[in-house]
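Next come the chains, spelled out residue by residue.
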Amino acid sequence: MATSKSGTSLSPVVVFLLGAASATALLLFFLTAATRPAWPALDTAGAQRRGEAPAGSASVRCSTPRANGTAGAEAEQHAGVAAPPAIDEAAVDGDGESEFARMLQAAAMEDRTVIMTSVNEAWAAPGSLLDSFLESFRVGENVSHFVKHIVVVAMDEGAFRRCRDVHPHCHLLRPEKEGLDLSGAKSYMTKDYLDLVWSKLKLQQRILELGYNLLFTDVDVAWFRNPLVHITMAADITTSSDFYFGDPDDLGNYPNTGFIYFKATPRNVRAMAYWHAARRRFPENHDQFVFNEIKRELAGGEVGVRIRFIDAKDVSGFCQLGRDLNRIATVHMTCCIGLENKLFDLKRVVEDWKRYMAHPLWERRMGKIGWRFEGGRCIH
């Protein structure tokens, strides 16, 4: 059967149009290949989220404060943690506070946690509590890297000078009352002692306002293992316990605010202000007593913080001393009155830890190496 010629071939017009289109496509291919790299483009937004510099751009400076490298510090690095807020120089009052904000930025861990302790001249003197406190980090188990994250608050000029001799981050706190001398070894519960312990609360509140988590530790605490593993992000405030009754959420536990952690949240800023204001209701008592009295008010009502307590077998003190050195993280010279007594037993606890660490691991794990109780001033 004969077939039509138009069914087996294209018309000249169609052939011309197809040829022109092919030539145009080929020309566009060569033009784009000459101006585009052979590898896929980087995800610029993703790279910036990871702290990387996009390809072909200048290096990007990350504002997140970083630990200065070395073993142990890597454990602090958490992916996806937001950087601390930039310091607004116009928002701070005077050069002193601006300098303090810069110090916090330099000392902060990558998750924006700052460790704070406070000393006066008597506690910072050579051979006194500050030296034993810092020594515990050197002899402890993988805790030496925490030292660079500690801000030491000096309560007087003498403590400030001594601090600068032994530590990189020192801040001089001016007392709230003019003419107040906080330099001596203040006797427990005297007026000067109370002024000393209350003077640090407003500074702690300021740290939270600047966007930093705060772990406050008294200077008569020995650090032997990482206590941060006992702090949960599910709570606003995590505190050590003088007396712990088995349930970390039980407000019947007795807190010890000489080792206490605050998340940087608006709730905790309000809680800190509420705590400080409550001093007027208990004028002859220290901050820890007041915290214990108002802990239910803080957990309920308008403040509404969640408070969690750490087992005294882990973050321990003389009031309820943990006996198992295989799980002890810190030891606080609680239920011990007087600088000389605290210092004597703090040195003794550090020596006991050295003796424990001198034994082989298998022997330590047997749990038979403990504290030496004989001859202690407060340890019992």
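Just so you know, these numbers come straight off a predicted model, no measurement behind them.

Criteria and thresholds
- Residues numbered from 1 in each chain as written.
- Predicted model: local features only at pLDDT ≥ 70, side-chain atom pairs only at ≥ 80, totals over all residues.
- Heavy atoms only, no water.
- Axes fitted to C-alpha atoms, helices over the stretch in contact; angles between N-to-C directions.
- Helix = DSSP H or I, 4+ residues; strand = E, 2+ residues; numbered from the N terminus.
- Parallel < 35°, antiparallel > 145°, perpendicular 65-115°, else oblique.
- Left-handed = near helix turned anticlockwise from the far one by under 90°.
- Contact = heavy atoms within 4.5 Å.
- Buried < 20%, exposed > 50% of the residue type's maximum accessible area, 1.4 Å probe, protein only.
- Polar contact = N/O pair within 3.5 Å; in protein donor to acceptor, adjacent residues only side chain to side chain.
- Phe/Tyr/Trp six-rings, centres within 6.5 Å; stacked < 30°, edge-to-face > 60°.
- Lys NZ or Arg CZ within 6 Å of the ring centre and 35° of its normal.
- Pairing = 2+ DSSP bridges.
- Disulfide = S-S within 2.5 Å.

1. As for the packing of helix 5 (residues 129-139) against helix 11 (residues 339-357)
- As a packed pair, helix 5 and helix 11 sit with axes 10 Å apart at the nearest point and diverge in direction by 15 degrees. In terms of orientation, helix 5 and helix 11 fall into the roughly parallel class. In the crossing of helix 5 with helix 11, the sense of the turn from one axis to the other is left-handed. Each of Leu-129, Ser-132, Phe-133, Glu-135, Ser-136 and Val-139 in helix 5 lies in contact with helix 11, whose residues at this interface are Leu-339, Lys-342, Leu-343, Leu-346, Lys-347, Val-350, Trp-353 and Lys-354.

2. Overview of helix 6 (residues 157-166)
- Along helix 6, the positions that sit buried rather than exposed are Gly-158, Ala-159, Phe-160, Arg-162 and Cys-163.
- Check the buried side of helix 6 and you find it contacts strand 1 (113-119), helix 4 (121-124), helix 5, strand 2 (150-154) and strand 3 (170-172).
- Capping of helix 6 at its N-terminal end is provided by Asp-156; its side-chain oxygen lies 3.1 Å from the backbone amide nitrogen of Gly-158.

3. A few points about the packing of aromatic side chains
- Here the structure, examined in full by the defined rule, presents 11 aromatic pairs.
- Each ring, one from Phe-133 and one from Phe-137, has its centre 5.2 Å from the other, and the planes form 85 degrees; the classification is edge-to-face. Within this pair, Phe-133 and its partner Phe-137 are both found in helix 5, separated by four residues, close to a single helical turn.
- Judged by relative accessible area, which is 1%, Phe-137 ranks as buried.
- Note on Phe-282 and Phe-289: the rings are 6.0 Å apart at their centroids and 75 degrees apart in plane angle, and the pair reads as edge-to-face.
- By relative accessible area, Phe-282 is classed as buried at 17%.
- For Phe-289, a relative accessible area of 32% gives the class partly exposed.
- Members of the aromatic cluster, each reached through a chain of ring pairs, are Phe-133, Phe-137, Phe-146, Trp-223 and Phe-259.
- If you follow Arg-364 out to its NZ or CZ, it ends over the ring of Tyr-356, 5.5 Å from the centre.
- Over the aromatic face of Phe-344 sits the side chain of Arg-377, whose NZ or CZ is 4.2 Å from the ring centroid.

4. Some words on the sheet that holds strand 1
- Overall, mixed pairing links the seven strands, which are arranged 3-2-1-4-7-6-8 in an open sheet. Edge positions in the sheet fall to strand 3 and strand 8 (307-309), since each has one partner strand and no second. Direction aside, neighbouring strands of the sheet carry axes that sit 35 degrees apart on average.
- Here strand 6 (residues 237-243) pairs with strand 7 (residues 254-262) via six bridges, running antiparallel. Along strand 7, the bridge assignment pairs Phe-243 with Tyr-254.
- Sitting on the sheet, helix 10 (residues 287-299) is in contact with strand 6, strand 7 and strand 8, with an inclination near 80 degrees to strand 7.

5. Considerations on the pairing of strand 6
- Among the seven residues of strand 6, six are classified as buried, and the element is accordingly described as predominantly covered.
- As paired elements, strand 6 and strand 8 share three bridges and run parallel to each other. Of the residues in strand 8, the one forming a bridge with Thr-238 is Arg-308.

6. Section: the state of the cysteines
- Within this structure, the stated rule accounts for three disulfides.
- For Cys-319, the disulfide goes to Cys-335, at an S-S distance of 1.9 Å. Its torsion about the S-S bond being 100 degrees, the disulfide of Cys-319 and Cys-335 is classed as right-handed. Here the residue Cys-319 occupies a position in the loop between strand 9 (315-317) and strand 10 (330-332), and Cys-335 occupies one in the loop between strand 10 and helix 11, the gap between them amounting to 16 residues.
- Looking at Cys-335, the relative accessible area reads 48%, which means it is partly exposed.
- Paired by a disulfide, Cys-336 and Cys-378 hold their sulfur atoms 2.0 Å apart. Judged by the sign of its S-S torsion, about 70 degrees, the bond between Cys-336 and Cys-378 is right-handed.

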